[in-house]
Amino acid sequence: MTEDTLYASGAVGEDFTFNDRVAEVFDDMLNRSIPYYQTVIEGMAQLISRNASKGTVLYDLGCSTGTTLLELSRRLPADRFRYVGIDNAPAMLEKARKKSAMFGKSGLIEFREADITTCALPSAAAILCNYTMQFLRPMARLDFVQRIYDVLPENGLFFLSEKTISHAKRLNRDFIDIYHSFKRHQGYSELEIAAKREALENVLIPFSLEENISLLRETGFAEIEPYFKWFNFTSIIALKR
């Protein structure tokens, strides 16, 4: 795994984008930037095993280097589901396919280059969207979630994990400070933290937990629950009835 040193010099240069340079270090970036990511995947696996029908497809929208689907395929019975990861970044998908082959999962997991806002999603039992919707334009998110609701069958699952904000200003500052402390403990310098925050400023636009739940309700999901929360990171399950 290549170490993430993209912002070690403090230079930003351009907004954050999922290019070749990011793909090369993305797995290290993910491990050091997303708190309790393995815990989130474990919770997801347990909920899928209880609710999704055998023989159906699990889609990961914005799958990046395929970590989530690889981890789920390890935790769930091998003959129960098929897995499809979709992303629009060729460099990420190349890395995902290499990892899948390395772990002997190429026959089980398919990776497709496509636009997650328009691609077909046939036979979906569950749709995963981990730290991806926050990169969509806010005005496009309602239509995005509506399309997911529409393609899911009855009892279909939608998993949404996002970086979130709090409308309580003091607590929001505290949550951000605690997150930055987490990143320092993962080996990032103050310079790297500040530079990456600047690079993401106009690219990653977080909603609050309440705003995300409102989107889910507005599109038709009736059963909605956060299943994991750590300060300004939240994972939600929505069940279609």
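Residues numbered from 1 in each chain as written. Predicted model: local features only at pLDDT ≥ 70, side-chain atom pairs only at ≥ 80, totals over all residues. Heavy atoms only, no water.

1. A closer look at the pairing of strand 6 (residues 223-230)
And then number 1: Strand direction decides the pairing type here: strand 6 and strand 7 (residues 233-239), joined by 7 bridges, are antiparallel. Residue Glu225 lies in a different strand from strand 7, and its bridge partner there is Ile237. (Pairing = 2+ DSSP bridges. Helix = DSSP H or I, 4+ residues; strand = E, 2+ residues; numbered from the N terminus.)

2. Some words on the side chain of Thr132
And then number 1: Among the structural elements, Thr132 can be located in the loop between strand 4 (124-130) and helix 5 (141-151).
And then number 2: At 3.3 Å, the side chain of Thr132 forms a polar contact with the backbone oxygen of Leu61.
And then number 3: From its side chain, Thr132 meets the backbone oxygen of Asn130 in a polar contact 3.1 Å long.
And then number 4: Not counting residues up to four positions away in its chain, the partners in contact with Thr132 are Leu61, Gly62, Ile116, Ser161 and Glu162. (Polar contact = N/O pair within 3.5 Å; in protein donor to acceptor, adjacent residues only side chain to side chain. Contact = heavy atoms within 4.5 Å.)

3. Re the sheet that holds strand 1 (residues 57-61)
And then number 1: Taken together, the 7 strands give an open sheet; going across it, the order is 3-2-1-4-5-7-6, and neighbouring strands pair in mixed fashion. The outermost strands of the open sheet, each flanked by one partner alone, are strand 3 (109-113) and strand 6. Direction aside, the axes of adjacent strands within the sheet are offset by 15 degrees on average.
And then number 2: In this structure, strand 4 lies alongside strand 5 (residues 157-163), joined through 5 bridges in parallel fashion. Across the sheet, the residue bridging to Ile127 is Phe158, located in strand 5.
And then number 3: Those strands touched by helix 2 (residues 37-51) are strand 1, strand 4, strand 5, strand 6 and strand 7, and its axis lies near 165 degrees from that of strand 5. (Axes fitted to C-alpha atoms, helices over the stretch in contact; angles between N-to-C directions.)

4. Overview of the layout of surface pockets
Where empty space is left in the structure can be found by rolling a water-sized probe over the atoms.
And then number 1: In this structure, the largest pocket occupies an estimated 1,200 Å³ of space.
And then number 2: Breaking the lining of the largest pocket down by element, the ones donating at least two residues are helix 1 (20-33), helix 3 (67-75), helix 6 (169-185) and helix 7 (190-200).
And then number 3: Ranked by the residues each element gives to the lining of the largest pocket, the list is headed by helix 6, at 5 residues.
And then number 4: Residues of the lining of the largest pocket, tallied by class, amount to 24 nonpolar, 16 polar and 9 charged. (1 Å grid on protein atoms, 1.4 Å probe; cavity = no way out; pocket = protein on both sides within 12 Å on 5 of 7 lines; lining within 4 Å. Points joined across faces, edges and corners; volume = space filled by probe spheres on them. Nonpolar A, V, L, I, M, F, W, Y, C, P; charged D, E, K, R; others polar.)

5. Regarding the nonpolar core
And then number 1: Grouped together as the largest cluster of nonpolar side chains are 44 residues, with contacts concentrated most on Ile48, Leu58, Leu72, Leu76, Tyr83 and Phe159.
And then number 2: Setting aside residues up to four positions removed in sequence, Ile48 forms contacts with Leu58, Leu72, Leu76, Arg80, Phe81, Leu128, Leu157 and Phe159. (Core = buried A, V, L, I, M, F, W, Y, C linked by side-chain atoms within 4.5 Å. Buried < 20%, exposed > 50% of the residue type's maximum accessible area, 1.4 Å probe, protein only.)

6. Details of the packing of helix 2 against helix 3
And then number 1: Across the interface, helix 2 lies against helix 3 with an axial gap of 10 Å and an inter-helix angle of 50 degrees. In terms of their interaxial angle, helix 2 and helix 3 are classed as oblique. Remark: the crossing between helix 2 and helix 3 carries right-handed chirality. Counting all contacts with helix 2, which are made through Tyr37, Gln38, Ile41, Glu42, Met44, Ala45 and Ile48, the residues of helix 3 involved are Thr67, Thr68, Glu71, Leu72 and Arg75.
And then number 2: When its residues are assigned to classes, the contact of helix 2 with helix 3 shows 6 nonpolar, 3 polar and 3 charged. (Parallel < 35°, antiparallel > 145°, perpendicular 65-115°, else oblique. Left-handed = near helix turned anticlockwise from the far one by under 90°.)

7. A short note on the pattern of salt bridges
And then number 1: Here the structure, examined in full by the defined rule, presents 10 salt bridges.
And then number 2: Across the pair Arg112 and Glu110 runs a salt bridge whose closest N-O atoms are separated by 2.9 Å.
And then number 3: By relative accessible area, Arg112 is classed as partly exposed at 27%.
And then number 4: Salt bridges sharing partners connect three or more residues here, namely Glu42, Glu71, Arg74 and Arg75. (Salt bridge = Lys/Arg side-chain N within 4 Å of Asp/Glu carboxyl O.)

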